[in-house]
Amino acid sequence: MDMCSSLVVMDDVVEIVRAHVHERMYGRFRSKAAVARAMDLDPTEFHRKLNGQRAWYLRDVIVLARVLDTTVGWLIGENESGRGGEGLGGVNKASPR
């Protein structure tokens, strides 16, 4: 895969994460600022990550999955369920909160 193709794939993942964050966040009646605080992030930094202006690191996605009570796999579009322990996302379900 060339560099351009990699960037397109990453843009797609950012869009999937953003859509899933909004779906899960609003389903739980949380504001973006509340999610940012729970992640120990500045709300502006969280907003920039959601808009693709800042990079998502693996640690960020794992913490976000814990905060939203879902899996990493679901956040990145790996599986269709917002809950459960399938795939990569199952790793964070056993971790303490």
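Numbering of residues starts from 1 in every chain and runs along the sequence as written. For a predicted model such as this one, the threshold for reporting local features is a pLDDT of at least 70, and the threshold for listing and counting side-chain atom pairs is 80 or more; totals across whole chains, interfaces and linings nevertheless cover every residue. Each side-chain value is worked out from all heavy atoms of the structure, with water and hydrogens disregarded.

1. Structural notes on the overall build of the protein chain
- Under the scheme used here, helices are H or I runs from DSSP no shorter than 4 residues and strands are E runs no shorter than 2 residues, and both carry numbers assigned from the N terminus. Summing up its helical and strand segments, the protein chain has five helices and zero strands in all.
- Ordered by position from N to C terminus, the α and β elements of the protein chain give α-α-α-α-α.
- Whether a residue is buried, partly exposed or exposed follows from its accessible area with a 1.4 Å probe, protein chains only, as a fraction of its type maximum: under 20%, in between, or over 50%, in that order. Residues counted as buried form 36% of the 97 residues belonging to the protein chain.
- Excluding contacts between residues fewer than 6 apart, the proportion of contacts in the protein chain whose partners are at least 24 apart in sequence is 41%.
- About 5900 Å² of surface is accessible on the protein chain, with carbon and sulfur atoms providing 56% of the total. Any two residues whose heavy atoms approach within 4.5 Å at even a single point are treated as in contact. Calculation of accessible area relied on Shrake-Rupley with a 1.4 Å probe; when residues are assessed, cover is drawn exclusively from the protein chains displayed.

2. A closer look at the nonpolar core
- Counting residues in hydrophobic clusters, the biggest one holds 19 residues, and the most contacted among them are Val21, Val35, Met39, Phe46, Trp56, Leu64 and Leu75.
- Secondary structure elements with two or more residues in this core: α1 (3-27), α2 (32-38), α3 (43-50), α4 (58-67) and α5 (72-75).
- Broken down by element, this core gets its largest block of residues, five residues, from α4. We define the nonpolar core as a collection of buried residues of types Ala, Val, Leu, Ile, Met, Phe, Trp, Tyr and Cys that are connected through side-chain atoms lying within 4.5 Å of one another.

3. Regarding the pattern of salt bridges
- Criterion for a salt bridge: a side-chain nitrogen of Lys or Arg within 4 Å of a carboxyl oxygen of Asp or Glu. Going through the model one piece at a time under the given rule, you end up with three salt bridges.
- The partner of arginine 18 in a salt bridge is glutamate 15, and the shortest N-O contact between them spans 2.2 Å. Taken together, the positions of arginine 18 and glutamate 15, both in helix α1 and three residues apart, correspond to about one turn of that helix.
- A relative accessible area of 42% means that glutamate 15 is categorised as partly exposed.
- For glutamate 45, the salt bridge identified is with arginine 54, shortest N-O distance 3.6 Å.

4. Here's the deal with the packing of aromatic side chains
- In this scheme Phe, Tyr and Trp rings, the latter by its six-membered ring, pair at centre separations within 6.5 Å, and the angle between planes marks the pair as stacked below 30 degrees, edge-to-face above 60, and tilted otherwise. A complete count under the given rule lists one aromatic pair for this structure.
- Centroid distance phenylalanine 46 to tryptophan 56: 6.2 Å. Interplanar angle 90°. Geometry classified as edge-to-face. Pair noted here: phenylalanine 46 is in helix α3 and tryptophan 56 is in the loop between α3 and α4, with a separation of ten residues, a long-range link.
- For lysine 49, the ring lying beneath its charged end belongs to tryptophan 56, and the centroid distance is 5.7 Å. In this scheme, Lys NZ or Arg CZ marks a charge over a ring once it lies within 6 Å of the ring centre and within 35 degrees of the ring normal.

5. Looking at the environment of arginine 48
- Following the sequence through the fold, arginine 48 ends up in helix α3.
- Beyond its immediate sequence surroundings of up to four residues, arginine 48 is in contact with Gln53 and Arg54.

6. Describing the side chain of histidine 20
- Looking at where histidine 20 falls in the secondary structure, it is placed in helix α1.
- Apart from the residues lying within four places of it in its own chain, the contact partners of histidine 20 are Trp74, Leu75 and Gly77.

7. So, the confidence of the model for the protein chain
- Residues with a pLDDT of 70 or more make up 68% of the protein chain, whose mean pLDDT is 76.
- Within the model, the stretch residues 1-8 combines pLDDT values under 50 with two contacts to residues more than four positions away or in other chains.
- The pLDDT value expresses, per residue, how confident the predictor is, ranging between 0 and 100. Throughout residues 84-97 the model reports pLDDT below 50, and contacts reaching past four residues in sequence, or to other chains, amount to 27 contacts.

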